[in-house]
Amino acid sequence: MSHSIDSTAIKNLCQAIATLEKASPDGATLRNRVGWNGNHSNDPVIRDVVDCIRNQKLPTRRQAVYVLSKLYTYINTQLVGLTLPTVQELNSFYNALEDAAKLGRVSRDQHGNLAVTFGYDEKWISVVKSIPDTKPVYKAGAFLYWSVKRDYADILNTWLPKLDWSDAGVTPKTLTDAQCRQILRMNTAWVEGTQLCVRVVPDASSPLDGTELRSLMFGNDWQWDKKTKTWLADFDIWRVHFITSELPWVVTEDSLSDAVRDSQSYWVKRQTTIDNILSNLDTLIDTTQLDGRTNRAHQVKAIQMAFDSFRHYYGAYPALDMGLGKTRVSLLIAKAIKHYDPDLAVVVIAPRSVVTKWYAEARGVGVDIQVFSWAKVPDKLELDNLNYKRIILIVDEAHYMKSPEAQRTRNLLDIRKYAQWRLLLSGSPFPNGRSVEAFTQLHFLDHPVARVSRSYLSRFGGNTRRELETLRQETSDIIFYMHKSECTDLPPLERVIYEVDISPAYKDIYETKLNDFMTRYHGRVNEGICSGNAEMLVYAQGLRLSTELGKVESAAQLVLDIMAQGEPVVVFCEFKETASALKAYLTHSKPELIPDIDDTTVEAQKAYLEYCYRLDKNKKDGNNKVDPSRVALYSQSAKADIWMDFQNGQYDVFISTVKKGGVGIELNRASYVVFVGQPWVPGEALQAEDRLNRGERKTHVTSYWLNYKGNDVDDTVMAALLSKTEDINAMLGSNWDVTGQRGKQGN
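The text that follows walks through the structure, step by step, so that each part is easy to find. (Residues numbered from 1 in each chain as written. Predicted model: local features only at pLDDT ≥ 70, side-chain atom pairs only at ≥ 80, totals over all residues. Heavy atoms only, no water.)

Take the pattern of salt bridges next. One pass over the structure, following the stated rule, counts 13 salt bridges. Arg390 is the partner of Asp341 in a salt bridge, and the nearest nitrogen-oxygen pair spans 2.3 Å. Of the two residues, Asp341 is situated in the loop between α15 (326-340) and β11 (345-350) and Arg390 in the loop between α17 (380-385) and β13 (391-395); the sequence distance between them amounts to 49 residues. Given the relative accessible area of 37%, Arg390 is considered partly exposed. Across the salt bridge formed by Arg459 and Glu474, the nearest N and O atoms sit 2.5 Å from each other. Residue Arg459 is found in helix α20 (residues 453-460), and its partner Glu474 is found in helix α21 (residues 465-474); the two are separated by 15 residues along the sequence. According to the relative accessible area criterion, Arg459 is partly exposed, its value standing at 38%. One network of salt bridges, in which partners are shared, links Arg416, Arg422 and Asp446. (Salt bridge = Lys/Arg side-chain N within 4 Å of Asp/Glu carboxyl O. Helix = DSSP H or I, 4+ residues; strand = E, 2+ residues; numbered from the N terminus. Buried < 20%, exposed > 50% of the residue type's maximum accessible area, 1.4 Å probe, protein only.)

Shown next as structure tokens:
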């Protein structure tokens, strides 16, 4: 506010209002007479003025005159010692403000900053807002009051030449427009360290407003620095190309030009490194002297395809079918890169259950790695503490990376900045065949189709077959899918839909549970407690558990038949309760886990226990009992590498849930696998199945999928698997089949 404006009138009015706000008896009496109750005032204008005074804002002329008239009407100023201005004095104050604002006036505030007063003019607001560390002090009607640091006096004087500086105590200079832009870095791009900085301020030379700029240019990786009013992102050559082509009115500084030259030099060097690797590939990936293994032809082809992707992108996505050796391929790639850049660290993100396996594979290949589990994906600080500034980043089971808002995904997107070589691994990249699942993974790889989420979703968000096929075609240069049918040296796998009846011992429990689920569900819908679909998933899970438990006896008999041939067998369940019940049934022992079959009655739990302990006449002498020491239950309490003991022959039966044992481990000692239940997601079923059908095996694999014939629950799950498989085939150009060959009927 200018010192030449007499502010006595408004100060006296504010003082009177402050007095009325005090809790003295006289003040309370006066408040009651004028309806002055602070935040609860009966008069909205008085309430607004009180808020202005409390927040050190200036009331508007209309507000001030109105309150002044109220005070003169109800208050005997002699009794309370108030000095009130006249209406004329108050109007004179606001007239002086208006005159100053029309011209634009600069003074000094109590902090030594420039206090700029001007009318509500879009150009003036745009200019002042473009200056760093600028903030509006208050707004009164059509007048604005801004605080600007003294350092920017010359810029204010240049861009707003009509300002009155007589009360500012500063004699500003007039600069050229280029000098102003250099000081502010306005509409400018430059590089600081490894960050690309862009300052875009809408003005006469920038044809877009702020909202349009955000939607056009700044995707998920850009961060807005409020203090400097600058967009920040990791420097990348494609971002520079985008700025120069889409925002030609942005001036690029020398630092950006230098960074572009350095980047171009890096990619030239990278091409040379890749040429050298491919020229000497056979030697670089030979591990016969380490683990005695020979690389298969499809693995060498996958390595070559990865380096072809590396010529154009920081990453590659070898989506090898389950069992083709993704782990080995990625480690051989890392080994070849480290040969020419030994200072690189190899960081692996993998499921906790396969961490041991990764270290064992790395020793066999001859490369040092650091493995982090998906449960504890490191952030930049953790890598800094390990002195990992330049890394090769391998992400196993990359389809876990879904929501960009999840903390582990955010950490991955953050640490990838340290990785100029990135590998995503998954046998089922998009388990549900949905394009939205692919975005985060492609964004991690910096693929052009997924740099900005809005444009990606506008093209592929409909998830139509045509969109999925287009997405596959446009990403085929970075995602290369390799099916087992292409690998003629691998043994075939036969899938048998093994239809069974529900266990007689469990039938009454199942029917009771089914009726109870549906009665409670429909009752809650009818009472309006939930919508028709709100709790269906919860009840569906309960029905699936009940159905799967009903197939335990049939599963146990099938296991016994396989064991009778002297063959080890793997069993996958969807629920840990089923896995526990199956082991109990096979070994005639108490189940390790007692499920809550019915959360309202103890009788149902007792019936379940009786079912688990039930022994028919043939079992009384122990003929069909399996030695408990030969049955491995891969539960949360089991040791992480129990699957290795199965591989080494310590166990004959390996029981696990699909979630726990369906990824990362090897079970190729067995030629038979039994699925008591099927997951909703086809990729999970196929991954679990291919724990047996691994690259090193020599025999045929038979997979039994137990299906409760005529049961709505199993039929619904199978229908969902078929539908999702069709979407996946359209997206990947593959030919997955979850039904397989229909085999013999179960008993």
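This is not the end of the story, as more comes after the structure.
Turning our eyes to something else, we now look at the packing of α15 against helix α16 (residues 355-365). Orientation of α15 relative to α16, taken along the N-to-C sense of each, is 50°, at an axis distance of 10 Å. Viewed along their axes, α15 and α16 adopt a mutual orientation that is oblique. Crossing angle aside, the handedness with which α15 passes α16 is right-handed. Of α16, the residues touching α15 (which contributes Thr327, Arg328, Ser330, Leu331, Leu332 and Lys335) are Lys357, Trp358, Glu361, Ala362 and Val365. Class assignment for the residues of the contact of α15 with α16 results in five nonpolar, two polar and four charged. (Axes fitted to C-alpha atoms, helices over the stretch in contact; angles between N-to-C directions. Parallel < 35°, antiparallel > 145°, perpendicular 65-115°, else oblique. Left-handed = near helix turned anticlockwise from the far one by under 90°. Contact = heavy atoms within 4.5 Å. Nonpolar A, V, L, I, M, F, W, Y, C, P; charged D, E, K, R; others polar.)

Although it is not a glycine, Asn387 sits at a positive phi angle of roughly 60°. Mapped onto the fold, Asn387 is located in the loop between α17 and β13. Note on Asn387: relative accessible area 59%, which makes it exposed. One non-glycine residue, Glu397, lies in positive phi territory at about 50°. As for its placement among the helices and strands, Glu397 is situated in the loop between β13 and α18 (407-415). Of the residues examined, Glu397 reaches a relative accessible area of 3% and is grouped as buried.

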